[in-house]
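# Overview (structure and organization)
Here is what each chain is made of, one letter per residue.
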Amino acid sequence: MLVFDIIRKKYVALTPEEWVRQHCLHFLIDEKKYPPGRTLVERRLKVAALDKRLDIAVCDPKGKVQLLVECKAPEVVLNQNVFDQIARYNWEARADLLMVTNGIKHFYCRMDYEKGEYLFLPELPSYPDI
């Protein structure tokens, strides 16, 4: 089974993780008003000399990542390993906001690089309120 990806403009295999990614994209674009033209899906990122793949990233007009999203399949428990993964990716991306979702549970946080900490948010800010 295939699903049309509105960002990549092509049909992709509908895996459980892809189901979450597609729902997340529609949430970001339709409900939170993030610009589709600055949204990246499954892009490569170098992390400690290794090639990794970002699920979703939203950039500002200059190309800086503002929001980094890690999508997991619905049966995946959002535990410390998942948060460690997005933290490693964010070491390079330096996003302002992070989101982790398995399509059932969602966590959002704002990064404070000066204090070296993050603040969990009750909901994701809408664009352009980020």
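Located above this text is the structure these notes cover.
Note that the coordinates shown come from a computational prediction; the quantities given were computed from them, not determined experimentally.

### Digging into the environment of leucine 2
- Examined against the element boundaries, leucine 2 turns out to sit in strand β1 (residues 2–5).
- Residue classification places leucine 2 among the exposed positions, given a relative accessible area of 56%.
- Linking leucine 2 and isoleucine 86, residues 84 residues apart in sequence, is a C-alpha distance of 27 Å.
- Residues in contact with leucine 2, not counting those within four places in the same chain, are Tyr11, Val12, Ala13 and Leu14.

### Brief notes about the nonpolar core
- Within the largest apolar cluster, 19 residues are counted, with the highest numbers of intra-cluster contacts made by Leu28, Leu67, Val69, Met99 and Leu124.
- Sorting the residues of this core by element identifies α1 (16–31), β4 (50–59), β5 (65–71) and β6 (97–101) as the ones contributing at least two each.
- The element best represented in this core is α1, accounting for 6 residues.
- Contacts of methionine 99, omitting those with residues within four sequence positions, involve Cys24, Phe27, Leu67, Leu68, Val69, Glu70, Ile86, His106, Phe107, Tyr108 and Leu124.
- Ranked by size, the runner-up nonpolar core spans 15 residues in total, among them Leu54, Cys59, Ala93 and Leu98.

Analysis parameters
Residues numbered from 1 in each chain as written. Predicted model: local features only at pLDDT ≥ 70, side-chain atom pairs only at ≥ 80, totals over all residues. Heavy atoms only, no water. Helix = DSSP H or I, 4+ residues; strand = E, 2+ residues; numbered from the N terminus. Buried < 20%, exposed > 50% of the residue type's maximum accessible area, 1.4 Å probe, protein only. Contact = heavy atoms within 4.5 Å. Core = buried A, V, L, I, M, F, W, Y, C linked by side-chain atoms within 4.5 Å.

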